[in-house]
Amino acid sequence: MKILHTSDWHLGHQLHGYPREYEHQQFLDWLAETLEQEQADALLVAGDIFDTANPPASAWRMLYRFLARLAKTLPKLNVVMTGGNHDSPSKLDAPHELLKAFDLHLVGGISRDDQGQLEMERLLVPLTDAAGNTAAWVLAVPFLRSSDLRTEDLTETDDRLIKGVETLYQQVTAAAIQKREPGQALIGMGHVYMASGQLSEMSERRVLGGNQHALPASIFPQELCYAALGHLHLAQRVAKQEHIRYCGSPLPLSMSERHYKHQVVLLETDGERLSEIRPVPVPRTVEMLKVPAEPQPLKAVLKVLTSLELDEHPREAQPFLEVPVLLEKPQAMLREKVMQALEGKAVRLAKITPHYQQQDNAPSLAHQRLSEVSPQQVFALSWQQKYDGQPSDAMRDAFEQLLTQVEDE
């Protein structure tokens with residue numbers, strides 16, 4: 001079996017107010033061509049298909065158009081897509097039966113029967129080879145919210161959330177072992193924050209309630225030959241294990257991700273074992289620039305921007321630009337001055353990042369644009385102003401749990 005692993009598409013995403021439809025369409029076209037060229041047997045998408053729980057209609061059209069193309073050009077392709085923390089489980093599950101009729105499996109959330117037992121039929125997806133024979137089973141586990149977990153028989157040292165996730169994967173794996181026949185591989189999916197994972201600024205955050213709930217690699221049973229993960233946008237291995245991987249997002253979702261080497265992962269199975277893993281770079285269709293490379297005084301920055309030479313591109317393909325500026329104090333009309341220096345140039349100003357020469361003169365978050373400030377930063381500043389200090393780890397974790405709860409609702 002040849003399987004392609006991708007995640008974190010974030011269809012419908014906007015970068016500082018600029019839509020990303022052009023870039024997403026370019027990626028999906030490239031992905032379809034790659035699947036066709038490689039003659040892949042399966043496509044796994046590990047969560048965050050959309051950027052928000054209520055994506056625009058254009059994002060749904062883009063997804064359905066992509067799936068329709070695959071159904072026409074690769075009718076035997078197995079497609080398994082799971083929900084992430086940005087996705088709405090109910091909205092992803094709504095077309096499940098329709099898509100299943102076309103052998104497309106979209107799993108937004110887990111479900112349980114009247115006795116509280118997992119409905120395994122939705123979570124266990126057989127992958128068929130070119131001859132139509134089942135060659136592997138996928139554990140299509142979506143992003144798990146705390147309400148999805150069952151935590152009986154806890155010891156005093158057990159963490160409820162970590163133990164709950166571990167138990168769920170053990171249950172799904174046990175059900176898969178009962179179904180599979182000799183020679184059939186088991187492949188796990190998950191949208192999780194793993195211990196030692198590298199987060200990117202302003203694009204991701206820890207899920208399941210805080211850093212103490214970063215999941216260990218041991219949650220994945222040894223019977224799995226590969227774990228296809230989503231959530232972190234930087235492609236990386238987990239705990240130095242080749243078979244547990246984040247493929248990363250296919251395009252940068254913040255200016256801080258402009259140096260990422262975005263990719264998808266192609267893996268091949270030979271019977272029950274993993275025989276090859278091959279990252280495939282995703283072409284960058286829209287550049288991200290930082291000019292100047294280091295913060296400079298405003299006068300020097302404006303001079304550099306005025307002399308900036310760029311190739312002509314249609315608006316949707318123009319580079320995004322971050323401008324770092326060194327200031328002594330908040331500068332009136334800063335954005336207007338930068339925009340004037342960029343007048344007539346084929347570039348989109350995404351972000352102006354002020355740096356202040358003396359920390360004592362640094363302004364509060366009120367001087368920053370809302371899109372450049374995270375909820376965690378606002379919480380920390382509010383705590384500092386009210387209590388003259390930093391919140392404790394327990395308070396930070398409580399805030400993370402409330403934030404997760406609000407977003408879930």
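This text follows the structure it describes.
This section reports on the structure supplied with the text. Numbers given for residues are sequential positions, taken from 1 along each chain in its written order. Owing to the predicted nature of the model, reporting of local features is limited to residues with pLDDT of at least 70; listing and counting of side-chain atom pairs is limited to 80 or more, with chain, interface and lining totals taken over all residues. Only hydrogens and water are removed before side-chain values are computed, so all heavy atoms of the structure are retained for them.

1. Points about the sheet that holds strand β6 (residues 104-107)
Quick reminder of the rule: A pair of strands counts as paired when DSSP detects no fewer than two bridges linking them. Per the convention used, a helix needs a DSSP run of H or I reaching at least four residues, while a strand needs a run of E reaching at least two, with both numbered from the N terminus. Angles here are taken between N-to-C directions and fall from 0 to 180 degrees, while the axes themselves are lines fitted to C-alpha atoms, restricted in helices to the stretch in contact.
Taken together, the six strands give an open sheet; going across it, the order is β6-β5-β4-β1-β13-β14, and neighbouring strands pair in mixed fashion. Across the chains shown, the open sheet's two edge strands, defined by having one partner strand only, are β6 and β14 (273-281). Strand-to-strand twist in this sheet, taken as the mean axis angle between neighbours without regard to direction, amounts to 15°.

2. Examining the pairing of strand β17 (residues 320-327)
The following threshold applies: Exposure classes here rest on a 1.4 Å probe applied to the protein chains alone. A residue is buried below 20% of its type maximum, exposed above 50%, and partly exposed in between. Assignment of crossover handedness uses the view with strands pointing away from the viewer, where a clockwise path from the first strand over the helix to the second indicates a right-handed crossover.
Taking burial as the measure, the eight residues of β17 include seven buried ones, the bulk of the element. Bridge analysis of strand β15 (residues 288-290) against β17 gives three bridges, and the strand direction is parallel. Following the sheet pairing, Leu-289 is matched in β17 by Leu-321. Examined bridge by bridge, strand β16 (residues 296-297) and β17 share two bridges and lie parallel to one another. Within the sheet, the bridge partner assigned to Pro-297 lies in β17 and is Leu-326. Each parallel crossover has a hand, and for β16 linked through helix α7 (residues 298-306) to β17 it is right-handed. For β17 and strand β18 (residues 348-356), the ladder comprises eight bridges, and the chain directions are parallel. Considered in β18, the bridge of Leu-321 is made with Leu-349. A crossover links β17 with its parallel partner β18, the connecting element being helix α8 (residues 334-341), and its sense is right-handed.

3. Comments concerning the pattern of salt bridges
Heads up, the rule is: What makes a salt bridge here is a side-chain nitrogen of Lys or Arg within 4 Å of a carboxyl oxygen of Asp or Glu, nothing more.
Per the stated rule, a full pass over the model turns up 14 salt bridges. The residue Lys-163 makes a salt bridge to Glu-166 at a minimum N-O spacing of 3.9 Å. Taken together, the residues span about one helical turn, with Lys-163 and Glu-166 both in helix α6 (residues 160-179) at a distance of three residues. Across the pair Arg-278 and Glu-276 runs a salt bridge, and its minimum N-O distance is 3.7 Å. On the basis of relative accessibility, which here comes to 30%, the residue Arg-278 falls in the partly exposed class. Counted as one network, the salt bridges with shared partners bring together Lys-2, Glu-38, Glu-276 and Arg-278.

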